[in-house]
Amino acid sequence: MSANTMERLVYMANQIGKFFEPQGYEKAVKGVAKHIKDFWDPRMRARIEDHIAAGGEGLAPHVLEALKSLPPVSRDSIPLPRPTQDIPGPTAHHH
């Protein structure tokens, strides 16, 4: 995964945190956790979990706490990327 992808996830998580900040720390933590649980794809959550395991650099304190409060993503349930289909080229034979 590229650094840009992780930077984007951190940015998105912090933006969610900024939305909930005016509600106070405890409500912000709960709001961020609920939003990410409800709307983030399991692959996104797995990536941010890995980032937290590596120190969680760049995450706002209430966002980090919210993310840590979520149950871990079941990595077995994350679908594998689908391979692109081979598109017939000029050498394809049609019968």
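The structure presented is a predicted model; accordingly, all values stated were derived computationally and were not measured. (Residues numbered from 1 in each chain as written. Predicted model: local features only at pLDDT ≥ 70, side-chain atom pairs only at ≥ 80, totals over all residues. Heavy atoms only, no water.)

Draft legend 1. Here's a closer look at the confidence of the model for the protein. Averaged over every residue, the pLDDT of the protein is 88; residues scoring 70 or more account for 83%. Averaged pLDDT values over the elements of the protein bottom out at 94 in helix H1 (residues 3-20) and peak at 98 in helix H4 (residues 61-69). (pLDDT = per-residue confidence, 0-100. Helix = DSSP H or I, 4+ residues; strand = E, 2+ residues; numbered from the N terminus.)

Draft legend 2. Structural view of the environment of valine 10. Summarising the element assignment, valine 10 is placed in helix H1. Considering only alpha carbons, one finds valine 10 and valine 63, 53 residues apart in sequence, at a separation of 9.3 Å. Apart from the residues lying within four places of it in its own chain, the contact partners of valine 10 are Ile48, His51, Glu57, Gly58 and Leu59. (Contact = heavy atoms within 4.5 Å.)

Draft legend 3. Structural detail: the nonpolar core. Counting 21 residues, the largest nonpolar core has Val32, Ile36, Trp40, Ile48, Leu59 and Leu67 as the members making the most contacts within it. A per-element tally of this core places H1 first, with six residues. Residue contacts for valine 32: discarding those within four places in its chain leaves Ile16, Gly17, Phe20, His62, Val63 and Ala66. (Core = buried A, V, L, I, M, F, W, Y, C linked by side-chain atoms within 4.5 Å. Buried < 20%, exposed > 50% of the residue type's maximum accessible area, 1.4 Å probe, protein only.)

Draft legend 4. Molecular detail of the pattern of salt bridges. Taken as a whole, this structure holds four salt bridges when the rule is applied. Residue arginine 75 pairs with aspartate 50 through a salt bridge whose shortest N-O separation is 2.9 Å. Linking arginine 75 in the segment after H4 with aspartate 50 in helix H3 (residues 42-53), this pair joins segments that are 25 residues apart in sequence. Arginine 75 sits in the partly exposed class, given a relative accessible area of 38%. (Salt bridge = Lys/Arg side-chain N within 4 Å of Asp/Glu carboxyl O.)

Draft legend 5. Looking closely at helix H2 (residues 25-39). A rise of 1.5 Å per residue sets the reference length of H2, with its 15 residues, at 21 Å; its end C-alpha atoms lie 21 Å apart and thus fit the reference within 8%. Every buried residue of H2 is accounted for by Ala28, Val29, Gly31, Val32, Ala33 and Ile36. Structurally, H2 contributes buried residues whose contacts are with H1, H3 and H4. (Expected span 1.5 Å × (residues − 1).)

Draft legend 6. Structural detail: the packing of H1 against H2. At a minimum axis distance of 9 Å, the contact between H1 and H2 shows a crossing angle of 135 degrees. What the angle tells us is that H1 and H2 run oblique. When the axes of H1 and H2 are compared, the crossing they make is right-handed. On the side of H1, the interface is formed by Ala13, Ile16, Gly17 and Phe20, while H2 contributes Ala28, Gly31, Val32, His35 and Ile36. Residues belonging to the contact of H1 with H2 are distributed by class as follows: six nonpolar, three polar and no charged. (Axes fitted to C-alpha atoms, helices over the stretch in contact; angles between N-to-C directions. Parallel < 35°, antiparallel > 145°, perpendicular 65-115°, else oblique. Left-handed = near helix turned anticlockwise from the far one by under 90°. Nonpolar A, V, L, I, M, F, W, Y, C, P; charged D, E, K, R; others polar.)

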